[in-house]
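# Structural features, examined
Read off the chains here:
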Amino acid sequence: MFPFCSSQKKPLSAIIKEGQMAMQLHERIQSSSLDVKLDALKDLANSSRDITFAQEFINLDGISLLTQMVESGTDFGEMLSFTLTAFVELMDHGIVSWDTFSVAFIKKIASFVCKSSMDSAVLQRSLAILESMVLNSQDLYQKVAQEITIGQLMPHLQGTDQDIQTYTIAVINALFLKAPEEKRQLMNRCALSSLIFQNVIRGPKPINEEMAHQLYMLQVLTFNLLEDRMMTKMDPQDQAQRDIIFELRRIAFDVECESNSGSIEKRKSMYTRDYKKLGFINHVNPAVDFTQIPPGMLALDNMLYFARQHQDSYIRIVLENSSREDKHECPFGRSSIELTKMLCEILKVGELPSENCHDFHPMFFTHDRSFEEFFCICIQLLNKTWKEMRATSEDFNKVMQVVREQITRALTAKPNSLDQFKSRLQNLSYTEILKIRQSERMNQEDFQSRPIVELREKIQPEIMELIKQQRLNRLCEGTCFRKISSRRRQDKFWYCRLSPNHKVLHYGDLEESPQGEVPHDSLQDKLPVADIKAVVTGKDCPHMKEKGALKQNKEVLELAFSILYESDEYLNFIAPDKHEYCVWTDGLNALLGKEMTSEFTRSDLDTLLNMEMKLRLLDLENIQIPEAPPPIPKEPSNYDFVYDCN
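None of these values were measured; they are calculated from a predicted model.

So, about the overall build of the protein. Of regular secondary structure, the protein possesses 26 helices and seven strands. Accessible area for the protein stands at about 35900 Å²; split by element, carbon and sulfur atoms hold 50% of it.

To continue, consider the sheet that holds strand β3 (residues 504-510). Taking strand neighbours across the sheet as the criterion, the four strands line up as β1-β2-β3-β4 in an open arrangement whose pairing is antiparallel. Because the sheet does not close on itself, it has two edges, and the strands there are β1 (479-482) and β4 (525-528). Here the average twist between neighbouring strands, direction ignored, is 25°. The pairing of β3 with β4 spans four bridges and is antiparallel. Across the sheet, residue Tyr507 finds its bridge partner in β4, namely Asp525. Here helix α22 (residues 450-477) sits on the sheet in contact with β1 and β2 (493-498), set at roughly 135° to β2.

For helix α1 (residues 12-28), spanning 17 residues, the distance from its first C-alpha to its last is 25 Å, which sits close to the expected 24 Å at 1.5 Å a residue. Of the residues making up α1, those classed as buried are Ile15, Glu18, Gly19, Ala22, Leu25 and His26. Within α1, the buried residues cover an arc of 130° as seen down the axis, which keeps them to one side. Of the exposed residues in α1, the ones pointing more than 90 degrees away from its buried face are Ser13, Lys17 and Glu27. On the buried face of α1, the contacting elements are α2 (34-47), α3 (51-59) and α4 (62-72).

Below, the discussion takes up the packing of aromatic side chains. The description of an aromatic ring pair rests on the distance of the ring centres and on the angle between the ring planes. Considering all chains together, one arrives at 24 aromatic pairs under this definition. Both rings, one in Phe573 and one in Trp584, keep their centres 5.8 Å apart while their planes meet at 35°; by these two values the pair is tilted. Within this pair, whereas Phe573 is found in strand β7 (residues 569-574), its partner Trp584 is found in helix α25 (residues 578-591), the two being separated by 11 residues in sequence. Joined through ring pairs, the aromatic side chains of Phe481, Trp494, Tyr507, Phe561, Phe573, Tyr581 and Trp584 make up one cluster. Residue placement shows Arg334 over the ring face of Phe396; its charged tip is 3.8 Å from the ring centre.

Take the nonpolar core next. Ranked by internal contacts, the top residues of the largest apolar core, which has 64 residues, are Tyr314, Leu339, Phe374, Ile407 and Phe421. Ranked by the residues each element gives to this core, the list is headed by helix α18 (residues 370-388), at 10 residues. Residues contacting Tyr314, with those up to four places away along its chain left out, are Leu248, Arg249, Ile251, Ala252, Leu278, Phe306, Ala307 and Phe332.

Turning our eyes to something else, we now look at the packing of helix α19 (residues 396-412) against helix α20 (residues 418-426). α20 packs onto α19 with a crossing angle of 125° between their chain directions and a minimal axis gap of 9 Å. When the axes of α19 and α20 are compared, the pair comes out oblique. The crossing of α19 and α20 is right-handed. Contacts between α19 and α20 pair Gln406, Ile407, Arg409, Ala410 and Leu411 from the former with Phe421, Arg424 and Leu425 from the latter. A per-class count over the contact of α19 with α20 returns five nonpolar, one polar and two charged.

What follows concerns the sheet that holds strand β6 (residues 560-565). Spatially, β5-β6-β7 is the arrangement adopted by the three strands of the open sheet, whose pairing is antiparallel. In the strand order of this sheet, the two ends are held by β5 (532-537) and β7, each with one partner. Going across the sheet, the axis of each strand differs from the next one's by a mean of 20°, ignoring polarity. With six bridges joining them, β6 and β7 adopt antiparallel strand pairing. Within β7, the position partnered with Ile563 by the bridge is Leu571. Strands in contact with α25 are β5 and β6; relative to β6, the strand with the most contacts, it is inclined by about 25°.

Averaged over the protein, the pLDDT score is 79; the fraction of residues at 70 or greater is 80%. Within the protein, no element has a lower average pLDDT than helix α11 (residues 181-201), which sits at 45, and none a higher one than α19, at 93. Every residue in residues 1-8 is under pLDDT 50, and counting partners more than four places away or in other chains gives 12 contacts. Below pLDDT 50 for its whole length, residues 189-218 participates in 44 contacts with residues either more than four positions away or in separate chains.

The next thing to look at is α2. Taking 1.5 Å of rise per residue, the 14 residues of α2 would be expected to cover 20 Å, and the 20 Å separating its terminal C-alpha atoms lies within 8% of that figure. Considering only its buried residues, α2 is in contact with α1, α3, α4 and α5 (77-91).

As for its position among the elements, Ile467 is in helix α22. Leave out the neighbours within four places in its chain, and Ile467 touches Met596, Thr601, Asp604, Leu605 and Leu608.

The next point concerns the pattern of salt bridges. Applying the stated criterion across every chain, the model contains 19 salt bridges. The closest approach of N and O atoms between Asp139 and Lys143, which form a salt bridge, is 3.4 Å. Placement of the pair is Asp139 and Lys143 together in helix α8 (residues 138-147), with a separation of four residues, close to one helical turn. On the basis of relative accessibility, which here comes to 23%, the residue Lys143 falls in the partly exposed class.

Take the packing of α1 against α2 next. Two elements in contact, α1 and α2, have axes separated by 9 Å at closest approach and are oriented at 140°. Put simply, α1 runs oblique to α2. Crossing hand, α1 versus α2: left-handed. Where α1 approaches α2, its residues Met21, Leu25 and Arg28 are matched on the opposing element by Val36, Lys37, Asp39, Ala40, Asp43, Leu44 and Ser47. Of the residues in the contact of α1 with α2, the class split is five nonpolar, one polar and four charged.

Here is what the cut-offs are and how they apply
Residues numbered from 1 in each chain as written. Predicted model: local features only at pLDDT ≥ 70, side-chain atom pairs only at ≥ 80, totals over all residues. Heavy atoms only, no water. Helix = DSSP H or I, 4+ residues; strand = E, 2+ residues; numbered from the N terminus. Areas by Shrake-Rupley, 256 points an atom, 1.4 Å probe, with all protein chains shown as cover. Pairing = 2+ DSSP bridges. Axes fitted to C-alpha atoms, helices over the stretch in contact; angles between N-to-C directions. Contact = heavy atoms within 4.5 Å. Expected span 1.5 Å × (residues − 1). Buried < 20%, exposed > 50% of the residue type's maximum accessible area, 1.4 Å probe, protein only. Arc of directions from axis to C-beta. Phe/Tyr/Trp six-rings, centres within 6.5 Å; stacked < 30°, edge-to-face > 60°. Lys NZ or Arg CZ within 6 Å of the ring centre and 35° of its normal. Core = buried A, V, L, I, M, F, W, Y, C linked by side-chain atoms within 4.5 Å. Parallel < 35°, antiparallel > 145°, perpendicular 65-115°, else oblique. Left-handed = near helix turned anticlockwise from the far one by under 90°. Nonpolar A, V, L, I, M, F, W, Y, C, P; charged D, E, K, R; others polar. pLDDT = per-residue confidence, 0-100. Salt bridge = Lys/Arg side-chain N within 4 Å of Asp/Glu carboxyl O.

In structure tokens form, the structure reads like this:
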């Protein structure tokens, strides 16, 4: 038996049933009847996902049977597709080693991939098999590499089937990962040459879906080259590499390399001064700064590209920072090295391809030097953010954290071009990042921590009292209401307001709508607050139950409320709008000592509470709030330090 115990989790009866099914399918796929054979292969493809069935079928030497069927070449179309599907499903369980397959089988699978016209399902399964062979066996890699080349895989990237393109890229990545170093470089150059020929030499074309996927492959391979540069240390003794640093100095300060001008000490002093202005950590020999991997030589490549292709921006940044005080300058050299490392981390340059990663950034497919242009945009962003934060050398890491957040937020929008990415960054200034952080902090789990919850509970009664006072003040100002009449004509008004001591409601009729507040003495009727028994709303109001009242439209129903007092007496209201309705129902409930439940109260409470929380937590920005209070320290051994007032 195989050393897998997952089947033991099933009941014995289920295992026996799977074994019987495996025997039946093993016989049926060898049937001379094509219909019976096709149905059996369909069932086999579905059943092979179950590891118990897979073990039983493999025990019957089922894998060998499938490989013989493929090698024979008698099956094609749907039948071949189901055969390969079953094979893939069975091998995915890891029961059988990939090293057991013959060269004839590998040649047959490779032939399916190399054919110009092949059933898409067969092609997809064949690509999946080749990828697994390459990744799971170094010996099989050698055999697969002899049967198939990058050039033969390229046509599959030009189709419209994204699944085929994805599997093709997976095979190319697998071949690249398993290839020796010298062959890896050759693969890159060949693939890049092929794609550049297709996309550049043949003439410029609009970026359509087909071109986008070709450029995607170009970008995959370009990132492989980036990885090589990222992991390459600079040799401080290499003159060619040191010449690049001299070139950076020449462009920034418009100086020629001095060969015999002045003494050696004087020239060294000039170089040291300029390298300091360029922002290198090592002012004497900047080449040492590039010995760290990552980012290695990739950082220097980016700096040179920026200096040559965006010369004005490069000179402005260097001279602008060299004219500031030492502690306020943004060091271009150090920033470029750290930024390159950060960009590689964000884009996962140097990491193995992941099937779980679905990030797709179209902007990298719109320029033949997209990563370098990406760097140029980001280094200018870094300098801008440095100034916005008024940073000093001690704030370097804080600035880098903000820049990382700006870049990742801009990439989240999946901009279609580098210009869109740049435009997106313009809307993500340091001030905007602070606002976003503050807004998100209100919704984060930190705001559910015990100290924050306790603070909200402490503040909430104060806010509710503030809302209550505002509602009562509005009742004291009073409101004009329309008189309720069964006639169509409704041109009479009445006014109601609360006395300043909150003990009496004054109300009375008016001939016309008032322009301002109506004084208490002009209102004839009074209702002591102590006599109020209840406040009802909507359909529960007496004037909404009267004959014909239910014909009122929904808006009137939502604005109706009544004050019940004494035995059967009531005072009916139709508020002029929703705001006044909420103000009066809240105010009357507050007078009666009841809870204010209107939607306006909930909205006001949320707004004022969040605002107060933000104000009180301003001093805690970037400080981790503990889940529990700190422990109380032990009592001192004596209290001799206490001042004796006597």
